[in-house]
Amino acid sequence: MAGRINDDDVKAVRDAVPIDAVVSEYLQLRSAGGGNLKGLCPFHDEKSPSFQVSPSKGLYYCFGCQEGGDTLDFVMKLDHLSFSEAVERLAAQAGITLRYEEGGYNPGRQQGEKIRLVEAHRAAARYYTEQLDGPEAEIGRKFLAERGFDQAAAEHFGVGYSPAGWDHLVRFLRGKGFTDKKLILSGLAQDGRRGPIDRFRGRLMWPIRDITGEVIGFGARKLREDDNGPKYLNTPETPLYRKSQVLYGIDLAKKDIAKGSRAVVVEGYTDVMACHLAGVTTAIATCGTSFGGEHIKILRRLLMDNSGAEVVFTFDGDAAGQKAALRAFEDDQKFAAETSIAITPGGMDPCELRLAEGDEAVRSLIDSRTPLFAFALRSIVSGYHLASEEGQVAALNAGVPVVARIKDRSLRDRYATRLGGMVGLTSPAEEEAVRRRVHALARSYERGAPEPALSGAASGPGRGPQGGRGRQAEAQRPAAPRGPRLDLRSPAHRVERELLKLALQRPDLVAPVFDAYGADEFTAAPYATVREAIAEAGGTTAADAGFLTRAREAAPDDTVRSLITELAVEPLLTRKEPDDFYAGTQLAAVRLAAVDRRIGQIQGSMRRCEAGGDMSAYASLQEELWVLEQYRQDLRNRGAAAL
């Protein structure tokens, strides 16, 4: 078995890799104030950012789904890695050599499975790019040149060549220490009669990278007539590669997508290359599958769902391209961004367009885009015989559900009028009738009525934003561990919560007074448990760089650990920079509330003693009551100075 990673090395990895740098590889972050950053949560669907990152504390927390933790937790949860795999991945990024206990350091044996698969793909990508320079790859270089891609373009996108032999890559990777089992599992090799053979042979190779830039698969293009395989052959589903969750070119495009709030979706690897080289550096493509829900999640996290963002789909102008465009329209309302379509002229794809007319033609194609709603309406209405009343009614019946799905009411009104004009209903009375039908159907959708699929698109009820499919999928999804109860945010607990936030975020302001507070001074049981975890971490007086980590590790369960993370990330209630006065106010308020509770308890005990005739106990309680009442008055008059 693999040895345990040295604790000092784990700490070094945590300290070396800033959490905001890691999270920014997956989603766009913007300032949330107070030194924190915010973005759309990668762990659940949301319309407005509730996911916050605190670079100074090395923590993240989502106030929507209660997922939270440190850098390692983020990588583990999002990439489905074990603890050791997450440490190894971040250590490799930071250039830290890990030490393993119980047997020493042996990376070939002890590194996690997914890390080894990533390394195998990384080595394969280098091997393929080197092969592109060889004599056998002349056919591949010719293929690229004929499509307007020179050597520099091939290098920029990491394009390579897989030799035509049976096991060239297998023998190469074996020499790098990879086992046959790992090569089969990675999808780089497949079973042959006498052992593993290369999956890709005699083909042009595109490395497919995840959003962080790691190679997780390949797309391979057939070059020879005697190759009986498909035109494009992709990596099969593996622990690394899920085609429904991959967008080719996302590693190169993500920064410009976030910066310009626009993404351009094309259909193939060469189209992505052509767009980028033409200056459309936000182009991406799916990998052997249609654009779907998982792809939308990736883009939404980069676009931040702001209303000025845009997603442009490009499709060929033929029937298949129009059908693909209608499928894309099915998911339109899952974006807050505007969605548009750019139909290439003459059935050319962006690669062919660039080759025929140059870079400017590709840029003009994107600039001449049409709103997807308008395209969908035209496509639907054009399928009916509008010269007859029957055809007009049928076209109207097909178009009304499309317009009713538009979220923006003013835009919905305009498209309702446009629909009436398309089918030949142009009088004011007819236009008003169309608008009434549209708004009535829109209200039924808002109440949860299922929405029909578009003609020519994937069928099934509830495809719209209010339809049943999304809720059904949500109901079938395993329930995530929930964080603290919402009543912890009630006014009754507000001061306790604020004091714990200070203890975790600014321990210097509440030490050493806070450390004298007992868990019984916190009325909410989860808050009392957090107080105990802080004490186990050494208290605020001993707070250092590892204080938050120790407090989270001292939590008795995941719920309390999540609460500690939440409190460490949640902004303080003050709009100003917290100072000694603010901290003292919270300290005094919590103590005053505790004193009030104790006074109430004593008064109740005194009444019971008086009723039972126990005057000795009554006198003792009366003395304690007098002391507490004096202390309470002092707290009210002097605040933190009385502590």
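Above this text sits the structure in question.
Owing to the predicted nature of the structure, the values given are computational and were not obtained by experimental measurement.

This paragraph deals with the overall build of the protein chain. Regarding its fold elements, the protein chain presents 28 helices and 17 strands. Scored against the burial criterion, the 643 residues of the protein chain give a buried share of 50%. Contacts in the protein chain between residues far apart in sequence, at least 24 positions, make up 66% of those at least 6 positions apart. Summed over all atoms, the accessible surface of the protein chain reaches about 29600 Å², with 50% contributed by carbon and sulfur.

So, about a negative patch on the surface. A cluster of like negative charges, contributed by E130, D133, D150 and E155, occupies part of the molecular surface. With respect to the helices and strands, E130 occurs in helix α6 (residues 113-131). A relative accessible area of 51% means that E130 is categorised as exposed.

This next bit is on the sheet that holds strand β10 (residues 215-222). Strand order in this open sheet of 4 strands is β6-β9-β10-β11, and the pairing throughout is antiparallel. Two strands bound the open sheet, and with one partner strand each, they are β6 (160-162) and β11 (232-234). For this sheet the average axis-to-axis angle between neighbouring strands, irrespective of direction, equals 35°. Two elements, strand β9 (residues 203-209) and β10, share 7 bridges in a ladder whose sense is antiparallel. If you follow R203 over to β10, its bridge partner there is K222. Together, β6, β9 and β10 form the strand contacts of α6, whose direction differs from that of β10 by roughly 35°. Lying on the sheet, helix α12 (residues 269-277) is in contact with β9, β10 and β11; it crosses β9 at an angle near 70°.

So, about the pattern of salt bridges. Going through the model one piece at a time under the given rule, you end up with 36 salt bridges. In this structure, the salt-bridge partner of R209 is D251, at a minimum N-O distance of 3.8 Å. Residue R209 is found in strand β9, and its partner D251 is found in helix α11 (residues 250-260); the two are separated by 42 residues along the sequence. Accessibility expressed as a relative area gives 24% for R209, which makes it partly exposed. A salt bridge links R506 to E577, with the nearest nitrogen and oxygen atoms 3.2 Å apart. Of this pair, R506 sits in the loop between α22 (494-505) and α23 (507-510) while E577 sits in the loop between α26 (558-569) and α27 (580-612), and the two are 71 residues apart along the sequence. Residue E577 is classed as exposed on the basis of its relative accessible area of 61%. Via salt bridges that share partners, R497, E498, K501, E566 and E570 belong to a single interconnected network.

Looking now at the sheet that holds strand β2 (residues 36-39). The 5 strands lie next to each other as β1-β2-β3-β4-β5, forming an open sheet whose pairing is antiparallel. Of all the strands in the sheet, the pair left with one neighbour each is β1 (30-33) and β5 (68-70). For this sheet the average axis-to-axis angle between neighbouring strands, irrespective of direction, equals 25°. Pairing of β1 with β2, which is carried by 3 bridges, proceeds in the antiparallel orientation. Directly across from R30, in β2, lies its bridge partner K38. Packed onto the sheet, helix α3 (residues 71-79) meets β3 (51-54), β4 (59-62) and β5 and runs at close to 120° relative to β5. Relative to the sheet, α26 contacts β2, β3, β4 and β5, its axis offset from that of β4 by approximately 100°.

Looking now at the pairing of β3. Side chains F51 and V53 of β3 all project onto a buried face; the interleaved residues Q52 and S54 project onto the opposite face, where all are buried too. By the bridge criterion, 3 bridges tie β2 to β3 in an arrangement that is antiparallel. Paired with K38 across the bridge in β3 is Q52. Sheet analysis places β3 next to β4, joined by 4 bridges and oriented antiparallel. Directly across from S54, in β4, lies its bridge partner L59. What sits between the antiparallel neighbours β3 and β4 is a turn of 4 residues, in which G58 has the positive phi angle 70°.

Rules used in this analysis
- Residues numbered from 1 in each chain as written.
- Predicted model: local features only at pLDDT ≥ 70, side-chain atom pairs only at ≥ 80, totals over all residues.
- Heavy atoms only, no water.
- Helix = DSSP H or I, 4+ residues; strand = E, 2+ residues; numbered from the N terminus.
- Buried < 20%, exposed > 50% of the residue type's maximum accessible area, 1.4 Å probe, protein only.
- Contact = heavy atoms within 4.5 Å.
- Areas by Shrake-Rupley, 256 points an atom, 1.4 Å probe, with all protein chains shown as cover.
- Patch = residues over 30% accessible without salt bridge, like charges linked within 9 Å, V, L, I, M, F, W, Y side chains within 5 Å.
- Salt bridge = Lys/Arg side-chain N within 4 Å of Asp/Glu carboxyl O.
- Lys, Arg positive; Asp, Glu negative; His and termini not counted.
- Charge placed at Lys NZ, Arg CZ, Asp CG, Glu CD.
- Pairing = 2+ DSSP bridges.
- Axes fitted to C-alpha atoms, helices over the stretch in contact; angles between N-to-C directions.

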